[in-house]
Amino acid sequence: MATTTNTMASFLTATQRYAAGALFALALHQAQINRSRPLGLFPDDEPPSDDRTSSSSGGSDSVADDPDLWVHEISGLLRPVFRFLGIESVAWSGLEETAGSSPAKHHVGAFLRLLAEEENGENSDQELALSRAVDAMARSMEKTLEVSESKKEKRREYENEWREKCSTAEVQSNMDAAGIKSEVQKSTDENNLAIEDGLDGSGSKVDEKPIEEVVLGYQRKVTVLYELLTACLADTHADNKKCTRKRKGYDARHRVTLRLLATWLDVQWIKMEAIETMVACSAMALAEKKEESNEEPQSSKSKWAKWKRGGIIGAAALTGGTLMAITGGLAAPAIAAGLSALAPTLGTLIPVIGASGFAAAASAAGTVAGSVAVAASFGAAGAGLTGSKMARRTGSVDEFEFRVVGENHNQGRLAVEIMVSGFVFNEEDFVRPWEVQSDNLERYALQWESKNLIAVSTAIQDWLTSRISMELMKQGAMLTVLSTLVAALAWPATLLAATDFIDSTWTIAVDRSDKAGRLLAEVLLKGFHGNRPVTLVGYSLGARVIFKCLQFLAETEKNAELVERVVLLGAPIPIKDENWGAARKMVAGRFVNAYSTNDWTLGVAFRASLLTQGLAGIQPIDVPGIENVDVTDLIEGHSSYLWATQQILELLELDTYYPVFRGTKCIQ
């Protein structure tokens, strides 16, 4: 292979780019290992052989012999990054072998020192300007995360409203069976280690700082992350016909890797999100400028000289042109091909971050003609998530549409979150449990089969308040429900008869959730979300929709390109009858199963007579890489997920790379 040189402007020297690429390779392999061994950034022992290689490796220690590795040549994840950074091609296989054959902790320090030792005076001003631009963007994004008092008050009102409607029967049943939690917990805790406040199973804190203390300036860290993200989006893997990566755009595995690398560098994740937005905006600004002028853009050197004279280094306000000057054109036009798949419409990437933000870049492109022209030049197609309602009857699903949540739309976000409710009493319940959540993702709530979901939720709630239900509670029915689920025993005939009327509506709802899961998978496969990393969060039957989506993805997908993180809360999914391993492989990062050991309502609905294989919503799952989080202390009954979901997500701190559940117990 011929020597590869970097044709794009860069703030880093050749040696620094080599070190950055090496660190990225180490983080990529570590991220793959952590899918099945998520505790601790660097375990003291060697990774097990089944983490290191696939069964196809035949026992070889060579990365080249294991095509399932993310650092393998055909993955399309690493060599395009090397190529973009201008790393000599003769070094590629050596970097791959180093990353895939020995613990990252043995090498991280050495490559950090390479980045630190070679200070680059010529570009130091530009690095400083870039870091200040990132800080300004991050501050703007932080302001949007601040939850107003009015929103907090709405959240409290929503919680109080549903507590009053739903909690009476469930709370009473919990009081009548105070010993249930300990009985159920005993059967699941004996062979598990607890994680308290971010502690791993050994009792030592998961290290958030770099593995080795190396003095590396903040400006250099930001520059490295910026150029690596740009390299990820440059999308130069298409020339390898054997490449297993199917799509252009922002791969979920790349984002997980950058999340780990930011942790090693001790850079707050919101700074990385700011970098993502800047990369998107600079590319869009350049594309729009070229459409307007139909000329080659001004050279990065002349732009920089102009803006430096204007004192941009000390400026906090940024416009599209200013950003292009600061970044020196690093993000464009190289990532134009990759960015084309990030959003099906121009509007999802054009940012409007305050009056002093990127209004200049957004204004011209906001016209219909501008949008069509630039969208066409970026290869965009389709109407996006909100345009793909699929309201007509498809596969026996009558309703399936996405509703916008929050204020992060049209803000240049390079990641998406889809939230799925599954226990609702009106259409507002598809959105309201998610409204106050604070993150920097472009967020959507999936509204699906509202008629059936409202019917089954109402039927269950009516049953809970019935005289028959109250009598069963007094007789210890809750203990029977939970103990039979855990012990895989059948229910008594009297209890079966009492709950029989729920069965028909629940069966229909389960069937529709499975079909909605297939539709969600089709949406992701078709790229309606723009081939950006997706976080999926759902409770009750909504969690089942997500799980089925992952299963359907596993039928055609070999890799975790699409989904970055998954959180299932109170999931009505059997443990032993489903292929949890296949679902886990579709997720690049964290996969959380939040359960409540006293959720006997879920047990009643799921019918223990038909389920003798355990239930994810009330107990942990013994699958490598799935974080089992006990939320019993926050859940009074199944309806509690309506108002407690927000608090659970806050305690999970999903933006951290490693498993966290602050303030209560997490079982791994």
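Criteria and cut-off values
As a convention, each chain's residues are numbered from 1 in the sequence order in which they are written. Reporting of local features is limited, given that this is a predicted model, to residues whose pLDDT is at least 70; pairs of side-chain atoms are given and counted only at 80 or more, and all residues count toward the totals for whole chains, interfaces and linings. Where side-chain values are given, they derive from all heavy atoms of the structure, hydrogens and water being excluded. Here a helix means four or more residues in a row that DSSP labels H or I, a strand means two or more in a row labelled E, and each is numbered from the N terminus. For the exposure calls, accessible area comes from a 1.4 Å probe over protein chains only, and a residue counts as buried if that area is under 20% of its type's maximum, exposed if over 50%, partly exposed in between. Residues count as neighbours in contact if any of their non-hydrogen atoms are within 4.5 Å of one another. The method behind every accessible area is Shrake-Rupley, applied with a 1.4 Å probe, and residues are considered shielded solely by the protein chains displayed. Salt-bridge detection follows one rule: a side-chain nitrogen of Lys or Arg within 4 Å of a carboxyl oxygen of Asp or Glu. To estimate how far a helix should reach, multiply one less than its number of residues by 1.5 Å. Two strands pair if DSSP finds at least two bridges between them. Between N or O atoms, a polar contact is any pair within 3.5 Å; within protein, one atom must be a potential hydrogen donor and the other a potential acceptor, and residues adjacent in sequence are included only when both atoms are from side chains. A residue's pLDDT is simply how confident the predictor is in it, with values from 0 to 100. Think of it this way: a Phe, Tyr or Trp ring, Trp meaning its six-membered ring, pairs with another when their centres are within 6.5 Å, and the plane angle makes it stacked under 30 degrees, edge-to-face over 60, tilted otherwise.

**Points about the overall build of the chain**
Counting its regular elements, the chain contains 25 helices and nine strands. When the 668 residues of the chain are sorted by exposure, 59% land in the buried category. Sequence separation of 24 or more characterises 83% of the internal contacts of the chain that already satisfy a separation of 6 or more. Counting only carbon and sulfur atoms, one obtains 51% of the accessible surface of the chain, whose full area is about 25000 Å².

**Quick look at unusual backbone geometry**
Notably, Asp266 is not glycine yet its phi reads approximately 60°, a positive angle. Within the element layout of this structure, Asp266 appears in the loop between helix H10 (252-264) and helix H11 (269-293). The phi torsion at Glu653 lies on the positive side, around 45°, for a residue other than glycine. Note that Glu653 resides in the loop between helix H25 (641-652) and strand S9 (665-667).

**Quick word on the pattern of salt bridges**
This structure, assessed with the given rule, holds 25 salt bridges. The salt bridge involving Arg247 is made with Glu557; its shortest N-O contact spans 2.9 Å. Of this pair, Arg247 sits in the loop between helix H9 (218-234) and H10 while Glu557 sits in the loop between helix H22 (541-556) and strand S6 (563-569), placing them 310 residues apart in sequence. Glu557 matches Arg247 in its accessibility class, with the two residues each being buried. The salt bridge partner of Arg443 is Glu417, with a shortest N-O separation of 3.4 Å. With Arg443 in strand S4 (residues 442-448) and Glu417 in strand S3 (residues 416-420), the pair connects residues that are 26 residues apart, well separated along the chain. The same class applies to Arg443 and to Glu417, which are both buried. Salt bridges here are not isolated pairs; linked through shared partners, they connect Arg255, Arg259, Glu276, Glu564, Arg565 and Asp655.

**Section: helix H17 (residues 450-464)**
End to end, H17 covers 21 Å across 15 residues, agreeing with the expected 21 Å (1.5 Å per residue, within 8%). Looking at H17, one finds that the buried residues are Ser450, Asn452, Leu453, Val456, Ser457, Ala459, Ile460, Gln461, Trp463 and Leu464.

**Some words on H25**
Buried residues dominate H25, accounting for nine of its twelve residues. Residues of H25 that are buried: Tyr641, Leu642, Trp643, Ala644, Thr645, Gln646, Ile648, Leu649 and Leu652.

**Description of the pairing of S3**
Regular strands place side chains that alternate from one sheet face to the opposite one. Of all five residues that make up S3, five are buried, and the element is covered over most of its length. Residues Val416, Ile418 and Val420 of S3 are buried on one face, and the alternating residues Glu417 and Met419, pointing to the opposite face, are buried as well. Note that S3 and S4 share five bridges and pair parallel. Each residue of the ladder has a partner; that of Val420, found in S4, is Leu446. Strand direction decides the pairing type here: S3 and strand S5 (residues 534-539), joined by five bridges, are parallel. Bridging across to S5, Val416 finds its partner in Val534.

**What about the side chain of Thr656?**
As for its position among the elements, Thr656 is in the loop between H25 and S9. Reaching out from Thr656, the side chain makes a polar contact with the backbone oxygen of Glu653 at a distance of 2.7 Å. In this structure Thr656 touches Arg259 and Arg590, once residues within four positions along its chain are discounted.

**Quick notes on the confidence of the model for the chain**
Residues with a pLDDT of 70 or more make up 60% of the chain, whose mean pLDDT is 73. Below pLDDT 50 for its whole length, residues 1-7 participates in 16 contacts with residues either more than four positions away or in separate chains. Contacts for the low-pLDDT stretch residues 175-208, under 50 throughout, to residues beyond four places or in other chains number 61 contacts.

**A look at the packing of aromatic side chains**
Tallied over the full model, the rule gives eight aromatic pairs. Plain terms: the ring middles of Trp434 and Tyr539 are 5.9 Å apart, the flat faces sit at 35° to each other, and that makes the pair tilted. Of this pair, Trp434 sits in the loop between S3 and S4 while Tyr539 is found in strand S5, placing the two residues 105 residues apart along the sequence. Tyr539 carries the same exposure label as Trp434, and that label is buried.

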